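# Coordinate inspection notes
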Amino acid sequence: MIIFYKERINLSILIFSVGFVFNSCLSVNSELSENLVNDFKNPPKEFKPMPFWHINGELTTEGIRKQMKDAKELAGFSGISVLPLAPKNDGRPGTTPKFLSDDYLERFQDVLDTAEELEMQVILYDDNDFPSGMAGGKLGELFPQHTMKRLDKVEKIVKGPSSLKDNIPEGKLLSAVAMNLETLQRFELSDYVENGTLKWQVPKGTWRIMVFVMVKDSYHKAFPVVDYMDTTAVREMIRMTYDVYKENFESYFGNTIKMTFFDDVGFWKHPRTWTGRFNEKFQELNGYDPKPWYPALWYDVGPDTEAVRHAFFNTRAELLAEGFPKLVGEWTRTNGLKDTGHPPGNYDPTPIDMNADIFKFYRHTAIPLTDAIIGYQFGQNGHKLISSAADYYDKPVVSTEIYGAYKEQSIDSLILYRSAMDLFSRGVNFVVPHGMWYNPNEVYIPPLVSPYSKKLAPALPGYSNFVGRSCMLLQGGKRVANIGVLYPFEELAGWYRFEDPENPRQGFFVSPETNYLEISGLLTNDIRQDFTFIHPEYFLDNKYEIDQGSVLLNNSENKQKYSALILTGCKIISLKTLQKLKDYYVKGGLVISAGQLPFKSSEIGQDEKVKALILEIFGVDPTATATSKIKVNNNTSNGKSIHIPNPNENNLSEAIKTRLVYDVEFSPNPILSTNLGKFNYIHKIKDGKDIYFFSNSSDDIIETEVTLKGKLDLHQANPHNGNIQRIENISYFKINNQEYTKCELILKPVSSIFWIAYQY
């Protein structure tokens, strides 16, 4: 049941109380090592928060030393990321001395000297302000040919028969196409261009004449940024920034400096970002010439429109992944470091105009990061994308940049905890608060998370220990998730087009059928069953093995086993992915469709095969008139498919329960009184121990019974105070030879607890 908590909560200093039934006189079980108990009480520094330190003023040796000392001693931070700033147009100062000047490097030496003295760490932020790739303005100044490019379309309507003679606009010509407005017949006209002039005899009919050129793009910050998809350009940027730090501070690599940070690498405010090798890469990946198909980026070109758009945007995703993130990742590995950072919009509904493909973006990054900014709970259902990408790549650490741009009136000590524990339940285990400011009286992007914040300072030492304890237990290991949710990349890419008047804002232009983030929220916040997003292209890898009604993710450490796969609402899917999904169904798997069933292929000319496979798996014609009736289909090998046209908490939960025995189950399943905060969990297996993290970021008291698989010896570890106690009054029972453990869980508002378990 839920007991509503009506007492007033002090917003300045948070006092936690976690209620359990246990014998306080019993000592900690000997199976919990003394090192674990001691480290949990006093978490090692590498697990504590390491905030951004925005330098909005003149760095001095004295200022550096004082602020870093206060950050450690007054706030409990174990490190900082020096974030130099460019001057603002309204006169607000940036960082002095000038970024990467001799004087600046002297001050950075002061930072490292102070860090060594205080036993702190320094995260190497890679540029002067964000986005990364400006090289403090030097790249645009010295190598303008290496800055970001944009795809432009110039068009006119022409009636034929007639003669066309027109000048080609400035820029690199990528394609020229005539498309009949009625029949959609197209002619590629590049061969009719000579000396900058297009000459063509227009056939009968009304034709849209389109010329596609690549031009140098504008910029939205102080300086132009690098062409992230051009490896030559990125290498030049690395030489001008990363290599300068290496030349001056290499002896600190791997000790005082262990990590680098890149920021907003992607297409923010530049949705038509393009690059010079695009046509060549498209041909390599897709096996056909893209030039006749460029109109599909704006218009319907016939039955293959969605497949071609998918090919275009998948090509761009590969170019970005193999550009900046790959080269920076290689540089950090070569130099004994780990890189973290993020693209823009990494939790938004569509990656297409923001980061191309969030899974591919993090292919070469050591520590994927979710950018949890703007406001509390903003984009919350998308954070699992980043931890799911880390799961696939078997990466043990997932970081977050958190709190930036939260409205000042909304931030308090409780929000520090609410946000952090919500992210811990979604796979995050390293925290970069946003952040400290060198001049705390003039904060350009609130909030001030600093020992100089009157509002937050009293809570920071306890918060830093809370983060340290939580991250210590959550880093590494195997996450237990029995449900796989197919990430609908083909739908997102096949739907998207440039400059559509219905596009509300970057990152949010998705089809009416797209509901994967809603399904994420249902599973995490309502049904309360953990899951992992699966990229449909990666699902084809041998890494995903079908075995007796399950799908195994065969990682070295973070192995996962899914007993149900969910296909979210979409019209477009890869035929190859669907064929493997059918193979899973034929071999006894449970497949759940939650929303619109697909009927178009992301491969050209394969729509009919997609329709036939959907009919085989679900017994439903995906093009038939929509119905609200749930359809269940079974095969002779115990495979089951369930099509839920209108998914909700109840029917989706019932569908999952037809096959799954929940790994963690709550009775009753709590219902919160408001949308502020969530009750969540995460289960990991690490060093031979089961680790359960339960978080309550709401203002309600949670009181429920928790049933866990296995016969477990349980201890509770409180991350708010560092105490570990053995839990008593545990009950055990069996169903069909499966042993279970049951125990009461009580969590007061804005609190969390770990249960650490050994199998008997």
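Scroll up to find the structure.
The sections below set out a description of the structure shown in this document. Only a predicted model underlies this, so the values are computations on that prediction, with no experimental measurement involved.

If you walk across this open sheet you meet the 6 strands as E17-E30-E31-E37-E33-E34, and the pairing is antiparallel. With one partner strand each, in any of the chains shown, strand E17 (478-479) and strand E34 (724-726) form the two edges of the open sheet. In this sheet, strand E37 (residues 751-759) lies alongside strand E33 (residues 712-717) in antiparallel orientation, the contact comprising 6 bridges. Note that in E37 the partner of His 715 across the bridge is Ile 756.

It is worth spelling out the pattern of salt bridges at this point. What the rule picks out here adds up to 40 salt bridges. Here Asp 70 makes a salt bridge to Lys 66, at a shortest N to O gap of 2.7 Å. Of this pair, Asp 70 and Lys 66 both sit in helix H2 (residues 61-73), separated by 4 residues, roughly a single helical turn. For Glu 408, the salt bridge identified is with Lys 455, shortest N-O distance 3.4 Å. Separated by 47 residues along the polypeptide, Glu 408 in the loop between strand E14 (399-402) and helix H12 (413-424) and Lys 455 in the loop between strand E16 (436-437) and helix H13 (460-474) bring together distant segments of the chain. For Glu 408, a relative accessible area of 38% puts it in the partly exposed group. For Lys 455, a relative accessible area of 31% corresponds to the partly exposed category.

Following the criterion strictly, the structure yields 63 aromatic pairs and no others. Arranged with centres 5.6 Å apart and planes meeting at 80 degrees, the rings of Phe 313 and Tyr 496 form a pair that is edge-to-face. Separated by 183 residues along the polypeptide, Phe 313 in helix H8 (residues 305-321) and Tyr 496 in the loop between helix H14 (489-495) and helix H15 (516-527) bring together distant segments of the chain. In this structure, Arg 92 is placed above the aromatic ring of Tyr 444, and the distance from its NZ or CZ to the ring centre is 4.5 Å. Cation over ring: Lys 221 sits above Phe 130, and NZ or CZ is 4.1 Å from the ring centre.

Another point: the pairing of strand E30 (residues 679-686). Summarising burial for E30: 7 of the 8 residues are buried, a large majority. Here E17 runs beside E30; their pairing, made up of 2 bridges, is antiparallel. Within E30, the residue paired with Lys 478 across the bridge is Ile 685. Two strands pair when backbone bridges link them, and E30 and strand E31 (residues 689-696) are joined in this way by 8 bridges, in the antiparallel orientation. When the sheet's bridge partners are listed, Asn 680 is paired in E31 with Ser 695. The hairpin turn running from E30 into E31, its antiparallel successor, is 2 residues long, and Asp 687 in that turn takes a positive phi close to 55 degrees.

Calculation rules
- Residues numbered from 1 in each chain as written.
- Predicted model: local features only at pLDDT ≥ 70, side-chain atom pairs only at ≥ 80, totals over all residues.
- Heavy atoms only, no water.
- Pairing = 2+ DSSP bridges.
- Helix = DSSP H or I, 4+ residues; strand = E, 2+ residues; numbered from the N terminus.
- Salt bridge = Lys/Arg side-chain N within 4 Å of Asp/Glu carboxyl O.
- Buried < 20%, exposed > 50% of the residue type's maximum accessible area, 1.4 Å probe, protein only.
- Phe/Tyr/Trp six-rings, centres within 6.5 Å; stacked < 30°, edge-to-face > 60°.
- Lys NZ or Arg CZ within 6 Å of the ring centre and 35° of its normal.

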